[in-house]
Amino acid sequence: MKKHILYASDLDRTLIFSKRFIDESNFKGAYELVETKANEDGSIKKISYMSPSVKEGIQKLKDNDQITFVPVTSRSLEEYNRVQLGFVPEYAIVANGGLILHNGEIVKEWSDYIRKNVSLPRLMQLSMDLSEFKSLDPDRMPKLIDGCYLFTKTSHPKKFDEEANAISVAYEDIDFTRQGNKCYLIPKCFSKQVALRWLWNKLNKPYIIASGDSQLDLPMLTLANKAIIPDHGALIKEGIVTDARTVSGGVESPLRTIEFIKGFLE
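Residues numbered from 1 in each chain as written. Predicted model: local features only at pLDDT ≥ 70, side-chain atom pairs only at ≥ 80, totals over all residues. Heavy atoms only, no water.

**Student:** What is the right way to look at the pattern of salt bridges in this model?
**Tutor:** It is possible for side chains bearing opposite charge to pair when their charged atoms get close. What the rule picks out here adds up to 17 salt bridges. Its salt-bridge partner being K2, residue D65 comes within 3.8 Å of it at the nearest N-O pair. Note that D65 is positioned in the loop between α2 (52-63) and β5 (67-72) and K2 in the segment before β1 (5-10), a separation of 63 residues in sequence. Here D65 matches K2 in class, with each residue exposed. In this structure, R122 and D173 form a salt bridge, with 2.9 Å as the shortest nitrogen-oxygen distance. Here R122, found in helix α5 (residues 120-131), pairs with D173, found in the loop between α6 (157-167) and β11 (174-179); they are 51 residues apart in sequence, far enough to count as distant. Put simply, D12, E35, R75 and R82 are held in one network by salt bridges that share partners. (Salt bridge = Lys/Arg side-chain N within 4 Å of Asp/Glu carboxyl O. Helix = DSSP H or I, 4+ residues; strand = E, 2+ residues; numbered from the N terminus. Buried < 20%, exposed > 50% of the residue type's maximum accessible area, 1.4 Å probe, protein only.)

Pasting the structure below:
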């Protein structure tokens, strides 16, 4: 019987990288632009890059009928659609699990579950509660992501943490997660893990290999049969995970994961 692998991978800083990351890591190899954004003045902003070797490796995995490659990201649908991998994945999980895509189209069954369980009035009230502190934190402008969760930034992380701890008492159904200056307020009824588990069942429970670098990836990584973490990420650098399979970090770190997958199928 053939093995079937569901390869779930985070995007930012796991498969694709900013120019700043590339420069700071002193990467000397080739990389190509995979994401752009139109500015208001009509100019084009270059956002994310990917190693051609990684891009080719992902394409080969996608063409293997034993592997289902699934990008998993906290990005909004609009932000996800900016990324050009060279093909449209059969499945993708975006908005931190708030949306599941099949061949680029939103899966209605999953979206119905989200609409039933996510209270938009509650998220709007939380947004207003957070906005009360905007005079002290000018970067804080809560944004609703695809009707699923709130995202904002903070200029004062420690102050935000103090306020979040106080506010969270009234919002026990919502997870407050801060990664650097980025703040995510996500209903507990969904996550990358919850969406991945739904897809795992739909695909007849394949073997899961997952990659990710940040705290929001951790639930997905704990679900996987095998989790692979690049050592440049916060999970390793901040000591959040101390006992895991890691790969040397950098722009071509996904190549080590791809080699592991190939070896697993042999």
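Having put the structure on the table, let's press on.
**Student:** Looking at this model, I keep getting lost on empty space enclosed by the protein. Mind explaining?
**Tutor:** Empty space left among the atoms is revealed by rolling a probe the size of a water molecule over them. The final tally for this structure, using the stated rule, is one cavity of 30 Å³ or more. The computed volume of the largest cavity comes to approximately 50 Å³. Along its surface, the largest cavity is lined by Y7, T14, S211, I228, P230, V247, S253, P254 and T257. For the lining of the largest cavity, the elements supplying multiple residues, two or more each, are β14 (226-230) and α10 (254-265). (1 Å grid on protein atoms, 1.4 Å probe; cavity = no way out; pocket = protein on both sides within 12 Å on 5 of 7 lines; lining within 4 Å. Points joined across faces, edges and corners; volume = space filled by probe spheres on them.)

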